[in-house]
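So you can see what is in the structure, the chains are spelled out below.
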Amino acid sequence: MKGTTSPQFENRFYELYLEFFNRAESERRWNVQKDIPWDQCNSKVSDAIALIVESFCAVELFLPDYTSKILHLVRQSRGRAWFQANWGYEESKHSLVLEEWLVRSGKRSAQEVREFSNTVLQREWELPFGTPRQMMIYTTFQELSTGMNYKNLRRKAIEQNDAALATALSFVARDESAHYQFFQDGVKLFMNEDRDGTLEDIKVVLEGFRMPAQDLIPNWEVRGKTIVGEKIFSDRIFFKDIMRPILAVLGTSRQEILALGKTVPDLLTPQSSVL
């Protein structure tokens, strides 16, 4: 890819990582055991919400695949590789806090959580795209989508009087927002280096976009319908609140991507199948 291995380009990525890390250390670190009001779990939270929490927990369980495979792809870039290692640490806390809530709320037993985890991990996640630039574009859309998932789920937790879940999801959503910001800024660097090539990769990613691990998690058809039914996430949310804002921030638009030709990506319409 044009320009992506220059020292100046990689130095800027490392600067982005340092900005991310220093802000995380000073403003964003939290403790699973100490910072959540676990005594305010609500056992009467609906089964639908518990199923969604379990589903999001399942997505997080593929952390070994996410970290190892993306790290291998970007290992020669200190800024991107070190960010990925830090990202893995923060995502592991998300998995832990969701599992903790499932057990403390009484919605699942510890044994059920272990058995579910073992079932999920019998499968393996693979990289959806093959280049560092395509994966950074993908993770930009994916991280903002994930953050939206958690924010909307937090709203449900508040409605159903579970301060523990609401607090946990507030921390998690804040992490996801920081992750998104790093990836977004990274794509901007790619746009500055090679705008035409980056636009082509955005089109490739949008044509093939699916949320991570949804094809690997047991009973996803029911889980996906529940997520849509509870208004946590949907194709229309992706189109309106994820895709269009990201394209605008990157200085492009749906119309410019469509003008690249070939087939019209289903994901560029609000009737596609994100879930």
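Located above this text is the structure these notes cover.
About the thresholds
- Counting restarts for each chain: residues are numbered from 1 in the order of the written sequence.
- Local features in this predicted model are restricted to residues of pLDDT 70 or higher, and side-chain atom pairs are both shown and tallied only at a pLDDT of 80 or more, whereas totals for entire chains, interfaces and linings draw on every residue.
- The side-chain numbers reported here are obtained from all heavy atoms of the structure, hydrogens and water having been left aside.
- In this analysis a 1.4 Å probe is tested at points of a 1 Å grid over the protein atoms alone, and where it fits but cannot get out there is a cavity; an open set with protein on both sides within 12 Å along at least five of seven lines is a pocket; lining residues have an atom within 4 Å of a point.
- Grid points are joined across faces, edges and corners, and a volume is the space filled by probe spheres set on the points.
- Note on conventions: DSSP H or I runs of at least 4 residues are helices, E runs of at least 2 residues are strands, and numbering of each starts at the N terminus.
- Classification convention: Asp, Glu, Lys, Arg as charged; Ala, Val, Leu, Ile, Met, Phe, Trp, Tyr, Cys, Pro as nonpolar; all other residues, Gly among them, as polar.
- Each aromatic pair joins two rings of Phe, Tyr and Trp (for Trp, the six-membered one) with centres within 6.5 Å, and gets the label stacked for planes under 30 degrees apart, edge-to-face for over 60, and tilted for any other angle.
- The cut-offs for exposure are 20% and 50% of the maximum accessible area for each residue type, with area from a 1.4 Å probe on protein chains only; residues under the lower value are buried, those over the upper are exposed, and the others partly exposed.
- A positively charged side chain is recorded as over a ring if its NZ (Lys) or CZ (Arg) lies within 6 Å of the ring centre. The angle to the ring normal must also be within 35 degrees.
- Fitted lines through C-alpha atoms give the axes, limited to the stretch in contact for helices. The angle between two N-to-C directions lies from 0 to 180 degrees.
- Here roughly perpendicular refers to angles of 65 to 115 degrees, roughly parallel to angles under 35, roughly antiparallel to angles over 145, and oblique to all remaining angles.
- Helix crossings fall into two classes, left-handed where the near helix is turned counterclockwise from the far one by less than a right angle and right-handed where it is turned clockwise.
- Between two residues, a contact is recorded if the distance between any of their heavy atoms is within 4.5 Å.
- Summarising the geometry, the arc corresponds to the directions from the helix axis toward the C-beta atoms.

It is the rolling of a water-molecule-sized probe over the atoms that shows where space remains empty. Its volume calculated, the largest pocket comes out at about 240 Å³. Forming the walls of the largest pocket are Leu16, Glu19, Phe20, Arg23, Ala24, Arg28, Ser177, Ala178, Gln181, Phe182 and Asp185. Elements supplying a minimum of two residues to the lining of the largest pocket: α1 (7-28) and α7 (163-193). When residues in the lining of the largest pocket are grouped by element, the largest group, 6 residues, is from α1. Residue classes in the lining of the largest pocket are distributed as 5 nonpolar, 2 polar and 4 charged.

In this structure the tally under the stated criterion is 22 aromatic pairs. Aromatic side chains Phe20 and Phe182 sit 6.3 Å apart centroid to centroid with 65° between the ring planes, which places their arrangement in the edge-to-face category. Here Phe182 lies in helix α7 and Phe20 lies in helix α1, a separation of 162 residues in the sequence. Assigned by exposure class, Phe20 and Phe182 land together as buried. Ring centres 3.8 Å apart and planes at 5° place the aromatic pair Phe83 and Phe182 in the stacked group. Remark: Phe182 occurs in helix α7 and Phe83 occurs in helix α4 (residues 78-104); sequence separation between them is 99 residues. Phe182 matches Phe83 in its accessibility class, with the two residues each being buried. An aromatic cluster of at least three residues, connected via ring pairs, comprises Phe9, Phe13, Phe20, Phe83, Phe182, Phe183 and Phe190. Cation over ring: Arg78 sits above Trp82, and NZ or CZ is 4.1 Å from the ring centre. The side chain of Arg80 reaches across the aromatic face of Phe13, ending 4.7 Å from its centre.

What follows deals with the packing of helix α6 (residues 132-159) against helix α8 (residues 195-208). Interaxial distance between α6 and α8 falls to 9 Å at its minimum, and their mutual angle equals 55°. The orientation of α6 relative to α8 falls into the category oblique. Considering how the two elements wind past one another, α6 and α8 form a crossing that is right-handed. The residues of α8 that touch α6, namely those facing Arg133, Gln134, Ile137, Tyr138 and Phe141, are Gly197, Thr198, Asp201, Ile202, Val204, Val205 and Leu206.

Per the stated rule, a full pass over the model turns up 3 cavities of 30 Å³ or more. When its volume is computed, the largest cavity comes out at roughly 320 Å³. Lining the largest cavity are 25 residues, and of these Val59, Gln142, Thr146, Met211 and Pro212 lie nearest its centre. Those elements that place two or more of their residues in the lining of the largest cavity are α2 (47-60), α3 (63-74), α4, α6, α7 and α9 (220-229). A total of 7 residues in the lining of the largest cavity trace back to one element, the largest contributor, which is α6.

Every buried residue of helix α5 (residues 110-120) is listed here: Val113, Phe116, Ser117 and Val120. The buried residues of α5 occupy an angular sector of 100° when projected down its axis, which confines them to one face. Within α5, the exposed residues directed more than 90 degrees away from the buried face are Arg114 and Asn118. Buried residues along α5 sit against α2, α4 and α9.

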